[in-house]
Every structure is written in structure tokens, then in C-alpha cells.
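# Residue-level structural notes
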Amino acid sequence: MSDKTYDVLHHEGAGWRAVPSAAPSLPPSGMKRPMTVRVARWSAVHPWRAIAAWVLFVILCSVGGGMVGNKTIVNDSNPRTESGRADRIVTSGNFPDHAVENLLFTARSGTLDRTAAQAAVDEATHSLRSLAQVDTVGAAVTSADAKALLLPVTMAGDASSASSRVDRLQAVTGAVQNHYPGLRVEEVGDASLEKAVSKALGGDLQKAELISIPITLVILLVAFGALIAAGVPLLLSLTSVAASIGLAAFASQVIPSSDSLSSVILLIGMAVGVDYSLFYVRREREERAKGAGRLEAIEIAAETSGHAVVVSGVAVTVAMAGMFIARDATFSSLAVGAILVVAVAVIGSLTVLPALLAKLGRWVDRPRIPFLWRLTAGRSGSPRIWSALLKPSLNRPRASLAVAALALVALAIPALSMTLKLPTSSDLPRSIPIMKSYDRLLASFPSSGQTHTVAIKAPAAALPQVRTAIAALEARVAGDPLFAHDEQPVVRTSADHTVTTVHIGVDAQPGTPLAARSLAELRKVLVPQTIGTIPGVKYAVGGDIGGQADFVSSMQASLPWVIAFVLGLTLIIMLITFRSIAIALTAISLNLLSAGAAFGVLVLVFQHHWAEGLLGFHSTGAVVAWLPLFLFVVLFGLSMDYHVFVVSRIREAALAGEPTKDAVRHGITTSAGVVTSAAAVMIAVFSVFATLTTIDMKQLGVGLAAAILIDATIVRIVLLPSVMTMLGSRNWSAPSWLSGKAPQVPYEGAPVFPSRVSA
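Nothing here was measured: the structure is a model prediction, and the numbers come from that model.

### Overview of the pattern of salt bridges
Under the definition given, this model contains 16 salt bridges. For E299, the salt bridge is made with R41, and the minimal N-O distance between the two is 2.8 Å. In this pair, E299 sits in helix 9 (residues 294-321) while R41 sits in helix 1 (residues 35-45), placing the two residues 258 residues apart along the sequence. The class of E299 is buried, set by a relative accessible area of 3%. Given the relative accessible area of 31%, R41 is considered partly exposed. Of the charged contacts, one joins R440 and E186 as a salt bridge, the two residues approaching to 2.5 Å between their closest N and O atoms. Taken together, the residues R440 in helix 15 (residues 434-444) and E186 in strand 7 (residues 183-189) connect sequence positions 254 residues apart. Each of R283, E286, E287, K290, R649 and E652 takes part in a single network of salt bridges with overlapping partners.

Written as C-alpha cells, this is what we have:
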């Protein structure tokens, strides 16, 4: 298609004939303009007001959010699961919950000097007992091989805040180490582990922020060839993220926030903020190059790219809302954060972006970077490479479709063998210093495994019956090989005698077959046949093993409903937007295919060992349990960005009279630069996450980067043009109930087309 714009309609005989005008023109003054155009025009005419309003909005959100503060999730266990019910029963008992730290004394080389080790233990015991943060210091225990001493320390206060109070204990450990340089004195416990992991994650996120911003700027410089043009999308993204983090603090008063909420807001905000700005700025630039005035170019960009941004924003929001289906506190928090940052980015694109473009005018293309400017905006027409890449899809659509679809299906097949698991302490990377101490602790004092927690709630008067039933349960467990027998079950009763817990050991870790069998035996047989016989009793089996099993089951049960919700609403949005059943079904199918291929990549990389050295991780033989659901909604939402934008350009060309094949070529080649730039930003940012420390962040980064790469290449260059070329004019066919008053694309060859209209 040429660069002509079809604005003038002449009635000839039985139809209308589109006459190309020399330059774009505005709709007749009496015609009501779309909302995006009206908002953009106001912002362009009153740029300082729009800019000031946006700055004020961002400041109020940021400052207000900081003053309100984040209300975080206290108990993230799902009340619909048995482990969640067990947690609530235990919480109602108001048991004292203290964190336990362990001081490990070993020799740096050779045999342990018992005299020096005992002296070090005595010094540590004396110093620790004087701390307000310490409740009790136990007796030192010698390892089976006599090569280590272990000093258990019970901290004062609640375990949930112990990591913030463990510094004083670690200071004592460091002082003892300095006094006995011939020994290795280390501290390991839940509080010190949590502190170390939080520090590592905080450093990771700072690293991600520091690296992703300059990478994004470099890619935008390549995309625009001018510094100011590159800075505008980055500015919009960062201010959208800042405002959204502030708004999330207000939202957390209703839906408590998770620890990773800010990271998700940054991840999604950088992606959609850059995308929307790229779409808008590139279109405004394109129209100015065709001869449009400053205000007219902004209005055309608002009518076309601005409308695509709104549709894309709605589609992304719908996808993110799918996380509410899981009915999980963490997912609900992430859904709120993602929806907020998408909404803010859309609002910024429609308001402050036109104001900036109007105020900057042609200064947006300054200062120019000579080589990059000639490479991008400094030349006319689309790069020939895109036309060359599209040739196979346009000339042999069936063969291209078959090859590409089979390739993605083959890539998706490994996803059928996906195993889900939540990482445990033993799965943390050894690059975190405390994990080496953790390994030495386990080597000297091997852990027998985990414990199941049987939580029982009954009237105080029924306590004798509860104790009798517990004795029967202990007897049944004692003769069952599924459970550990080196220690007796630990029984605790609350002060009001209404809640009792029984901790039963098992020689297995969460996610193993033995752990699953022992859990099933307790839940389905042993506990119902003993505790369950007491009238009016409430009981549940929890613990780490039960919690992981329930979470994995919850994710597996929720995922089909999330997929159905997202697909159903996305289908409706696409039908309303494009008035075409074929376009809507194509969008759903292609995005499903790219998501499936991304899941296959995850399984290939992380359930096996071949990529461990490449990405610096230790394979757990599984995919992190929460990742598939989160990845699906994020990938589906972000993929719709590209799809809506590209198909909108194709439809524009079709409405202007181009045959389908030419319209597809025009739509993809004219949008290829912006889509490639946006995809490059996303892939770069997501790849940074693949370099982070923890296995869940690595899997998140690889999954997102792989999906966007597949979507921006195979899907947009091969599958989409092949499908649309094959369908021809059937792309735009729709029943009368769906077509409404929207401009319709007639069958090819008909000389009927209205003026410029964007999907």
C-alpha cells in the first residue's frame, strides 16, 4: 500500500469510491470524534495543564502511598485448602511461636579442637543469654562423627518478625568467630535464612532496575534515532510505575500486598508503558512525515494508535484479572498491582503523551544520533527486510502456516510433562553465603525430613477424648513405615484447652512420593478414624508437605478456569473491537500457541540439567508451582498488545481499499519497527530477571523472554500473515448482529470504502 490516505468519498453509481488525498485531513467538523481524539486534542491545545496534572497525579500517588504504607499479607494460606484450615486452627490456639537459630562450631581443617570449641560455646552462651532478643539458650549437642557442636538458641518474640531482630545474635556469632580464628563459627536458622534471602532478593531487584533502564534507553535510541524521542517512552513508563506503586499502597488496605508486588509493577509497567508510547509516538511521527500538521498528526495518532492502546489496555486488564479466579491472597495482590499499572499507563498515553508531543513539536526528533537517525526515521519507507521475511507467508500461506504451527506444537509438547513444585530452603542458590553454612549444618546434623501438623479444635470439655484419640493416632503411626520412628510425635495444647496440635515426622521432603503417600494416609485414613470420631471436633492436616501439596493442587485446579475466563473475555473484546469472528478466533488461537511453546521452553530448560551451567542454577526437576498461572495471564495480556496494534494497521489498509494480501503486507511492514523495538525492550528486561539469584525469578525471566521472542517473530511474521492471507476477505466477515454500525471491509474487488478508521 502507498502512503496515501483515503479521506474523500465520491458517490459513483451504486457505491462510494475512495479518492486518495495528498495529505491527511481531519473528519468533518460536525462528526463526533472518538474519545481518544477529544482527550488528545485537549491535551495538545493545553499542554502545560496536562503535563502539570500528570506530574501532580504522580506526586500525590507516590507521597500519599508512602504516607498510608503497605498493608502486607499476614497469612497467605488458602482457607479453602486443608492446610489453610489447619493454619487457622493453629493460629486460633495462640501458641507461642519463637524462631530458633543454630550456632555451628566446626574445624576449619583437620579434627575439631574440643577444648577450643567448648570455650567458644561457653562464650557464645554467656553473650547470647544477656540479649533481650534471646529467650533461651539450649545445651550444646555433639554430632554423630564428633566433628561439630551445635548450640540451639530460641529467640524471644514472634517468629514472623525474627529476621528483623537477628542482627544482635549474628553480631555475637561474629565476635566469637574473631576470638577463635581456628574454628568456623556459623549461624543458621529460619530468621537468618530469611534475612539473607531478603538481602539477596533486594540486591537482585536493584540490579534488575539498574540494568533494565539503560538497556531500555539504548533500544529506544536505536528505535527512534533521537534522544528526546527515546526518553519520552521511558519517562512515561517510570512515572506510571511510580504512581502505580503509590496507588497499590491504598489498594493494599483492602487487598493486602505481597512482597513481590513492586517487582511485578515494575515488570509490567516497563513493558506496557514503553509499548504504548512507542505505538503513539511512532504513529505521530509517521503522520508528520506525510505532511500532517502538529495537531493533526497527534489527532490521527490518537484515533489510530490511541484507540489500539485502549483496546490493548482493556485486553491486558482482563488477562490480569484472571488471577482473581485463583482466590489466592498473593495472586489477588499481583492482579491489583498489574491492573493499576496498566490503567495508569493507558491514561498517561492518552493525556500527557499528546501534551508532550504538542509542546516538543519537531524537537522530539532532537538531538539526532547521526547513524541511528539515518537507520530509522531518516529514511523513507519500510526496511526491505520485512518484505523479504513476509514473502513465504504471503506467497505460500498454507505451507508457512503448517511449518510454523508444527514447530510451535513440537515446542509445546514438553509442557505436557510439566511437574510443579514450590522451592524449599534446600533449593536456594549456593551463591548466597549462608547456604554454605546450611549445607555444613545438614552434613553434621542430618535432617530426618519434615513433619505433618495435625490441628485439632474441640470444646475444652472434650480434651480427654482428644487425648485418647491422639494416643490411638500415635499407636497407628508407630506401626506405619510411611512415618519416621526415631522421634515421638510432639503434642501441644493451647492455654484454653480448645486447640491441640500433633507434629508427626516423616523421612521425606515436600514434593516427594513418600511425602505424598504419608500425607494421604493421614488425611484419608488415620486422622478421620481417630480424631474424626470425636463429636463436634474440627481437624485438618497441614505442615510444609501439606501446604505445598495443597498449593500445587489449587494451581492445577484454578488454571483451567483462569484460561477459560481470559479466553472468553478476550474473545468478546476482540469481537467488539474488530467486528469479526475470524479475527477474534485467530487472536485467541495464536496467543494460545505461543503461550504453550513458552511453557515447553520452561520445561526443557528447568526440569532438566543441560542449562544449569549456562544460567547458573541447580535444577529442582520442576517448574515453580505459581509460575504457569501467572505466566499465562501476563503472556496473554502482553501478546495482545502486539496483536491489536498489528491487526489495527492491517484493517486500516483494508478499509482504505487494499486487497487482503497487500493490506497484510502493509500492516505488518509499517508496524514491524515499533513491534520489534517493543519486543526487544521486553526481551531485554525479562532476560535481566533470568540472571537473578533465585530459581523462581530465573524461570519467570526465561518464560517471559521466550514467549515474547516467539510472539514477535514466528507468530507475527509467519503465523498471522499466513492465516490472514488464507482467509482473505473472510477475515472481516461478521453476522449482522455483530457488524453494527462499524465500517465494514467489503469483499475484495468492491470499490466501497469509507475514510480512515482504526480498530
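### Describing unusual backbone geometry
Here the bond from R366 into P367 is cis, since omega is -25 degrees, no more than 30 degrees from zero. Looking at the element boundaries, P367 is found in the loop between helix 11 (352-360) and helix 12 (370-375). Phi at A146 is positive, roughly 60 degrees, even though this residue is not glycine. Positive phi outside glycine occurs at R579, with the angle close to 50 degrees.

### Quick word on the side chain of R288
Mapped onto the elements of the fold, R288 is located in helix 8 (residues 261-289). Exposure remark for R288: the relative accessible area of 6% places this residue in the buried category. For R288, the residues in contact, after removing those within four places along its chain, are A297, G361, R362, V364 and D365.

### Structural notes on the nonpolar core
The biggest cluster of nonpolar side chains holds 158 residues, and the ones touching the most others in it are I268, Y276, M323, F331, F630 and F686. For this core, the element with the highest residue contribution is helix 21 (residues 627-655), accounting for 19 residues. If you look at the next biggest cluster of nonpolar residues, it comprises 26 residues, including L103, A117, M155 and V185.

### Things to note about a nonpolar patch on the surface
Nonpolar side chains collect at one region of the surface, where V55, I59, V63 and M67 lie side by side and expose about 400 Å² of accessible area between them. Examined against the element boundaries, I59 turns out to sit in helix 2 (residues 47-68). Take I59: its relative accessible area is 45%, and that puts it in the partly exposed class.

### Focus: the pairing of strand 3 (residues 100-107)
With seven of eight residues buried, strand 3 is to be regarded as a mostly interior element. Pairing of strand 3 with strand 6 (residues 148-155) involves seven bridges; the strand directions are antiparallel. Within strand 6, the residue paired with V100 across the bridge is T154. By the bridge criterion, seven bridges tie strand 3 to strand 7 in an arrangement that is antiparallel. For E101, the partnering residue across the bridge sits in strand 7 and is G189.

### What to know about the environment of P414
Take P414: it is sitting in the loop between helix 14 (397-412) and strand 8 (420-421). Given the relative accessible area of 17%, P414 is considered buried. For P414 and V603, which are 189 residues apart along the polypeptide, the C-alpha to C-alpha distance reads 6.2 Å. Residue contacts for P414: discarding those within four places in its chain leaves G600, V603 and L604.

### Points about helix 9
Taking 1.5 Å of rise per residue, 28 residues should cover 40 Å, and helix 9 covers 38 Å from first to last C-alpha, within 8% of that figure. At A302, helix 9 is bent by approximately 35 degrees, the largest bend along its length. Within helix 9, 22 of the 28 residues are buried, leaving the element largely enclosed by the surrounding structure.

### Observations regarding the pairing of strand 9 (residues 450-457)
In terms of burial, strand 9 is a largely internal element, six of the eight residues being buried. Summarising the sheet, strand 9 and strand 11 (residues 499-506) pair through eight bridges and their orientation is antiparallel. Bridge pairing in strand 11 links V454 to V502.

Each value, and the rule that gives it
- Residues numbered from 1 in each chain as written.
- Predicted model: local features only at pLDDT ≥ 70, side-chain atom pairs only at ≥ 80, totals over all residues.
- Heavy atoms only, no water.
- Salt bridge = Lys/Arg side-chain N within 4 Å of Asp/Glu carboxyl O.
- Helix = DSSP H or I, 4+ residues; strand = E, 2+ residues; numbered from the N terminus.
- Buried < 20%, exposed > 50% of the residue type's maximum accessible area, 1.4 Å probe, protein only.
- Contact = heavy atoms within 4.5 Å.
- Core = buried A, V, L, I, M, F, W, Y, C linked by side-chain atoms within 4.5 Å.
- Patch = residues over 30% accessible without salt bridge, like charges linked within 9 Å, V, L, I, M, F, W, Y side chains within 5 Å.
- Areas by Shrake-Rupley, 256 points an atom, 1.4 Å probe, with all protein chains shown as cover.
- Pairing = 2+ DSSP bridges.
- Expected span 1.5 Å × (residues − 1).
- Bend = angle between axes of the 7 residues up to and from the residue.

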